[in-house]
Amino acid sequence: MSSPLQAFKYVPKDTFMDRLDPRSKFALSLSLLAASLASPQLTMQLVYLALATLLIAAAKRLAQWTPTLKAISPLVAAIFAANLIFTPGMPLTYATLMALRFFTVTTSFTLFFLTTTPDDLSLALEEMGVPREYTLMFTMSLRFVPTLADDVETVTAALLSRGFQLDRGNIIQRAKNYVYLLVPLIIYEVRRSLMIAEALEARAFGATKKPTRLYTLKMKKPDYLVLIASALIAVSPLAPAILNLSII
Amino acid sequence: MESEAAIQVENLRYVYPGGYEALKGVNLAVKKGEFIAIMGENGSGKTTLIKHFNGVLKPTEGRVLIDGVDTRETPVSKLSRKVGIVFQNPDHQLFSETVWDEVAFPMKNFGFPEQVVKERTERFLKLMGLYSYRDKSPYLLSLGERKRLTIAAVLAYDPEIIVLDEPTAGQDYIQKEHISGTMNLLRTMQKTVVIVTHDMEFVVQYVDRIVLMSRGRIVASASPHEVLLNPSLLASAGLMPPQLARLALQLSRAGIYTPRRLPETGEIVDAVLKRWHR
Amino acid sequence: MEGVNYTYPSSEEPVLRNIDLRIGRGEYILLAGPSGCGKSTLARILNGLIPNFYGGKLEGKILVDGKDPRKTPTYEMALTVGFVFQNPENQLFFSDVEREIAFGLENLGLPPHEIRRKVEDAIRKYGLENLRHRSPAELSGGQKQKVAIASVMVMEPKLLVLDEPTANLDPISAVKVLGLVKREVLERRISAIVIEHRVELVLPYVDRVVVMDRGRIVGDGEPYSVIQENSGLIGRPAIFDVYARLRAKGFPLHRWPRTPEQLAEDLKRILQG
Ligand SMILES: Nc1ncnc2c1ncn2[C@@H]1O[C@H](COP(=O)(O)OP(=O)(O)OP(=O)(O)O)[C@@H](O)[C@H]1O
Ligand SMILES: Nc1ncnc2c1ncn2[C@@H]1O[C@H](COP(=O)(O)OP(=O)(O)OP(=O)(O)O)[C@@H](O)[C@H]1O
Ligand SMILES: [Mg+2]
Ligand SMILES: [Mg+2]
C-alpha cells in the first residue's frame with residue numbers, strides 16, 4: 001500500500017486507546033474535530049492538535065502517522081498560501097488558523113482509524129442500528145482496498161511487460177493508455193465480486209433478519225471517562241468566551 | 001564469464017512499500033540457454049524475484065543484470081523486449097478485444113513491421129491451437145485457453161529469455177500436455193527459460209536446474225536428481241518429491257533399486273522383476 | 001441426483017446432461033475431468049447456488065439430505081452443504097480469524113454463548129490458536145484455506161464441497177488441507193466432494209472417483225479402475241504405471257497403491273519375504 005493510505009490501516013497493538021470501545025473513540029475524535037472547526041482561536045487550535053498528537057503517541061502510532069503528515073503537508077501549504085492571498089484584513093493569523101485546523105482535523109480523524117479495526121467500526125455501526133448489509137459492505141470495502149491495490153499493481157506490471165508505455169504521448173493519448181489498464185481490472189473485479197457474493201451465500205448470509213454477534217460492545221469505566229472528556233472538549237471552544245466574561 | 005549469464009542477480013534485497021521484506025539477499029546466475037525451475041512454498045518470494053527480471057520491480061538493495069545490463073538503468077519497455085514474462089493469472093494480462101490482437105499487441109508495442117506481426121501472430125495462434133478463436137474476445141475462452149493465449153502473446157515476440165509464473169496451476173491434464181509441448185519447443189529453440197512452479201511431476205522432465213526458495217532466500221540450487229532425492233530439503237521448501245522419486249527412495253533404502261539419475265518407470269520395473277526372478 | 005440437466009441462462013446448450021449421482025454418508029469423493037466439463041456447475045447445484053443465485057434451467061430429481069435445493073433458500077442449504085472455493089482471498093471478509101469463523105453462525109442467529117463455544121471448538125480443532133486475532137488477509141495461502149474450511153465446518157454441514165481448494169497451494173499445504181477434510185469425514189461421518197486436477201495429490205485420501213466429460217459422468221467408482229479407464233482425460237499417477245506393468249508380468253501385487261510409500265511396502269514384503 002502506498003504511504004498516504006497507511007493512515008487507515010489498522011496495525012494491532014495493545015494500548016489504552018485500542019482497548020476503548022469504538023463508540024467512545026469515535027466520540028473523542030468527533031469532539032476534537034468539532035471543537036477544531038468551531039474554535040476561531042489560534043491557541044485553542046494548538047491545544048487540540050497537541051491533544052490529538054498526544055493521543056496518537058499514547059497509542060504508539062506516531063511512526064505510522066508521520067507519512068500521512070508528510071503526505072498532507074503540500075495540501076496544508078496550499079491552504080495557507082490561498083488564505084494568505086485571498087483573506088482581507090489579518091491574513092497571516094487567519095491563514096495560520098486554517099492550516100492548523102486542517103492538521104487537527106486530519107489528525108483526529110487519523111487517531112480513530114489507526115486505533116480501530118474495520119470490524120470494530122462496523123460493530124459500532126451495527127450497535128447504533130445500521131443494518132448488517134451496510135456495515136458488512138463497509139467492512140468489506142476496507143478489507144478489499146489492499147487487494148484491489150495489488151491487482152492494479154499486477155495488471156500494470158503485465159502491461160509494461162508487454163512493451164507498453166503508459167506515459168507515452170500527449171495528455172489525451174496518456175489518458176487513453178490507461179484504458180488498457182482499466183479493461184482487465186474492471187472485468188477481474190466484477191468476477192471477484194461475483195465470487196464474493198457466492199461465498200457470502202455459502203456462509204448463510206441473510207438467513208435471519210436478526211443476525212447475532214460473537215462480540216458485543218460493552219462500555220467500561222474508561223469509556224465513560226473518555227465520553228465525559230469528549231463532552232468537555234466539544235464545549236471547550238466556548239471556554240475563552242466564558243473565561244473572558246468572568247474576568248470582566 | 002559475465003557475458004555468459006543471461007540473468008545475474010546479486011545480493012538482491014526487496015522490501016515492499018508496506019515494509020515487508022520479501023527478498024533477503026538473493027544471488028542467482030542463469031546461463032544463456034539454461035532451463036531452470038524456481039520452486040518454493042507459498043509466499044517464499046518467487047513472484048517477487050521474477051518481477052525483477054524485466055525491471056517492473058527494482059532492487060531495494062543489490063542489483064539485477066540482464067545480459068550485463070543493470071535493470072535500474074533501463075526502462076521496462078526495453079528490458080521486456082529481452083525478457084518475456086507470463087504472469088500467473090491470465091485475467092491480469094488480457095488487454096485486447098480479440099484473440100488475434102492480444103498476440104499482436106506486444107509486437108506492435110515493440111514496433112515490429114506489420115507483415116511480420118501478421119505472420120507471427122498467425123503462426124503462434126496455430127501453434128497454441130487457438131487460431132480458430134482469432135476473432136473472439138479473449139474473455140470468452142476457458143481458463144486453460146486464456147493461459148495458453150498469454151503464453152502465445154509472449155512467445156510470438158521472440159524474447160531471448162522467457163519467464164513463466166505457475167504455468168500449470170489449476171490446469172487440467174490435457175492443458176498440461178499442451179503446455180508440456182510448449183516446454184519441449186522452448187528447449188529445442190534453446191531459449192533461456194525460467195519457470196516458477198509447485199508442480200514437481202511436471203517440471204523434472206525439462207529443467208537443467210532447480211532453485212529452491214524459502215522465506216525470501218535461495219536455499220538450494222542443483223540438478224533435478226540431486227534435489228528430488230533429498231526429501232528433507234524439499235520439505236523445507238513446502239514441496240514433495242515426485243511419485244517415482246518417492247518410490248525409488250523407499251526401494252533404495254531396502255536395497256532393491258538405487259537410482260543413478262532421475263528414476264524412470266521402466267528402470268524401476270526392471271529392477272524389481274530382476275530381484276523377483278532371483 | 002437423478003436425470004439432472006442444466007442450462008445456464010446465457011447459453012443454449014446444456015452444460016450438464018443426464019447426471020445420476022448418489023453420495024452416501026462418510027464418502028470422500030474426487031470429482032475430476034477436463035476444464036469446462038461442468039464440475040463447478042455440478043457443485044453449485046448441490047448447495048443451491050444454482051439455480052437460486054445463477055438462474056437457468058434445471059431439470060431432474062435432486063435431494064440433499066432430504067431437501068431439494070431448488071425449493072430451499074441458499075442460506076438454509078448452507079447448513080447442509082458447506083462450500084469451499086478455489087481462491088481463499090475472496091471468501092474471507094474480516095480482519096480477525098475468530099470473527100471470520102463466527103460469521104456463518106451469526107448469520108444463523110445463534111445466541112452468542114453458543115457461537116463462542118463452537119468457535120472455540122473450531123479453533124482448537126484446526127490449530128488456529130496462534131492466529132486467533134490475526135487478519136485472514138495477511139495469512140499464508142495454506143493458512144487462509146484452513147480458516148476458510150474452519151469457518152464453513154463450524155456450521156456443521158453434512159456435505160462438504162471443495163472446488164479446487166488447493167490449486168494455488170504448495171504441495172505440503174495442499175496435502176494438509178486435504179488431510180483436514182479426511183479427518184472431518186472420519187470423525188463426523190460427513191461426506192466430502194473435492195474437485196482437483198492433480199489426481200496423485202488426492203489419491204491417498206479418497207475412496208471414490210467420479211469423472212466427468214462434456215457435461216456427463218463418464219466414470220464412477222473405485223479409484224484405481226476409474227482412473228485407469230479415464231487416464232486420457234485426467235491423467236494417471238506414475239505409480240499406477242509401475243503397478244500395472246508389474247502386474248502384467250505376473251508380479252503378485254494384490255492391492256493398488258495409494259501412495260509410493262505403500263507400493264514400496266508391498267514390493268518389499270513380496271521381495272524380502
Ligand atoms: N504488493 C505487495 N505488498 C506487500 N507485500 C507483498 C506484496 N506482494 C507480495 N507480498 C508479500 O511478499 C511475500 C512474497 O510474495 P510472492 O508473491 O513473491 O510469493 P510467491 O513465492 O510467489 O508465493 P506463491 O507460491 O503463493 O505464489 C509474501 O509474504 C507476500 O505476502
Ligand atoms: N455463469 C456462467 N454462465 C454461462 N456459462 C457458464 C457459466 N459458468 C460456466 N459456464 C460454462 O459451463 C461449462 C462448465 O463450466 P464449469 O465451470 O462447471 O467447468 P469446470 O469443470 O468447473 O471447469 P474448470 O476445471 O475449468 O473449473 C463451461 O463451458 C463454461 O464456459
Ligand atoms: Mg507467486
Ligand atoms: Mg471449476
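### What to know about the site of ligand 2
Residues and elements named next belong to chain C.
Here is step 1 of the chain: If you check the shell around ligand 2, you find 14 residues, and the closest are S35, G36, K39, S40 and T41.
Here is step 2 of the chain: With respect to ligand 2, the side chain of K39 contributes an N or O atom lying 2.8 Å from an oxygen atom.
Here is step 3 of the chain: One of the side-chain nitrogen or oxygen atoms of T41 is found 2.5 Å away from an oxygen atom of ligand 2.
Here is step 4 of the chain: In the complex, 66% of the free accessible area of ligand 2, which totals 640 Å², lies under the protein chains.
Here is step 5 of the chain: Split into classes, the residues belonging to the shell around ligand 2 amount to five nonpolar, seven polar and two charged.

### What about the site of ligand 1?
Here is step 1 of the chain: Ligand 1 sits among 16 residues. The nearest are G43(B), G45(B), K46(B), T47(B) and T48(B).
Here is step 2 of the chain: Looking at the residues close to ligand 1, they fall on chains A and B.
Here is step 3 of the chain: Between ligand 1 and the protein, one listed contact pairs an oxygen atom with a backbone N or O atom of G45(B) at 2.9 Å.
Here is step 4 of the chain: The protein chains hide 72% of the 640 Å² of surface that ligand 1 would expose on its own.
Here is step 5 of the chain: Listed by contribution, the elements that provide at least two residues to the shell around ligand 1 are α7 (132-161) of chain A together with α1 (46-50) of chain B.
Here is step 6 of the chain: Per-element tally for the shell around ligand 1: the top contributor is α1(B), with three residues.

### Looking at the pairing of strand β2 (residues 21-31) of chain B
As a general feature of sheets, a regular strand has side chains that alternate between the two faces.
Here is step 1 of the chain: Sheet topology places strand β1 (residues 5-15) of chain B next to β2(B); eight bridges connect them, and they run antiparallel. Bridging from a neighbouring strand, V15(B) pairs with E21(B) of β2(B).

### Some details on the domain arrangement of chain A
Here is step 1 of the chain: Each domain of chain A was delimited in the assignment, giving domain 1 (4-116 + 220-242) and domain 2 (123-202).
Here is step 2 of the chain: Centre-to-centre, using C-alpha coordinates, domain 1 of chain A lies 31 Å away from domain 2 of chain A.

### Side note on the nonpolar core
Here is step 1 of the chain: Grouped together as the largest cluster of nonpolar side chains are 81 residues, with contacts concentrated most on L251(B), V272(B), Y28(C), I101(C), L128(C), L160(C) and L246(C).
Here is step 2 of the chain: Residues within four places of Y28(C) in sequence aside, it is in contact with L178(C), V181(C), K182(C), V185(C), A192(C), V194(C), Y205(C), V206(C), D207(C) and R208(C).
Here is step 3 of the chain: F35(B), I179(B), F202(B) and L234(B) belong to the second largest nonpolar core, which has 49 residues in total.

### Some points on the interface of chain C and chain A
Here is step 1 of the chain: Each partner contributes residues to the interface: chain C has 40 residues there, and chain A has 35 residues.
Here is step 2 of the chain: Interface of chain C and chain A: buried area, both sides summed, is about 3,300 Å²; carbon and sulfur atoms make up 56% of it.
Here is step 3 of the chain: Our count for the contact surface shared by chain C and chain A stands at four salt bridges.
Here is step 4 of the chain: In this structure, E198(A) and R44(C) form a salt bridge, with 2.9 Å as the shortest nitrogen-oxygen distance.
Here is step 5 of the chain: Taken together, the links from chain C to chain A amount to 17 residue pairs in polar contact (both at pLDDT 80 or more).
Here is step 6 of the chain: Listed by contribution, the elements that provide at least two residues to the side of chain C that touches chain A are α3 (74-80), α4 (97-107), α5 (112-125) and α6 (141-153) of chain C.
Here is step 7 of the chain: Tallying contributions element by element places α4(C) first for the side of chain C that touches chain A, with nine residues.

Conventions adopted
- Residues numbered from 1 in each chain as written.
- Chains lettered and ligands numbered in written order.
- Predicted model: local features only at pLDDT ≥ 70, side-chain atom pairs only at ≥ 80, totals over all residues.
- Heavy atoms only, no water.
- Near = heavy atom within 4 Å.
- Polar contact = N/O pair within 3.5 Å; in protein donor to acceptor, adjacent residues only side chain to side chain.
- Areas by Shrake-Rupley, 256 points an atom, 1.4 Å probe, with all protein chains shown as cover.
- Nonpolar A, V, L, I, M, F, W, Y, C, P; charged D, E, K, R; others polar.
- Helix = DSSP H or I, 4+ residues; strand = E, 2+ residues; numbered from the N terminus.
- Pairing = 2+ DSSP bridges.
- Domains from an automatic or database assignment.
- Core = buried A, V, L, I, M, F, W, Y, C linked by side-chain atoms within 4.5 Å.
- Buried < 20%, exposed > 50% of the residue type's maximum accessible area, 1.4 Å probe, protein only.
- Contact = heavy atoms within 4.5 Å.
- Buried area = accessible area lost by both parts, 1.4 Å probe.
- Salt bridge = Lys/Arg side-chain N within 4 Å of Asp/Glu carboxyl O.

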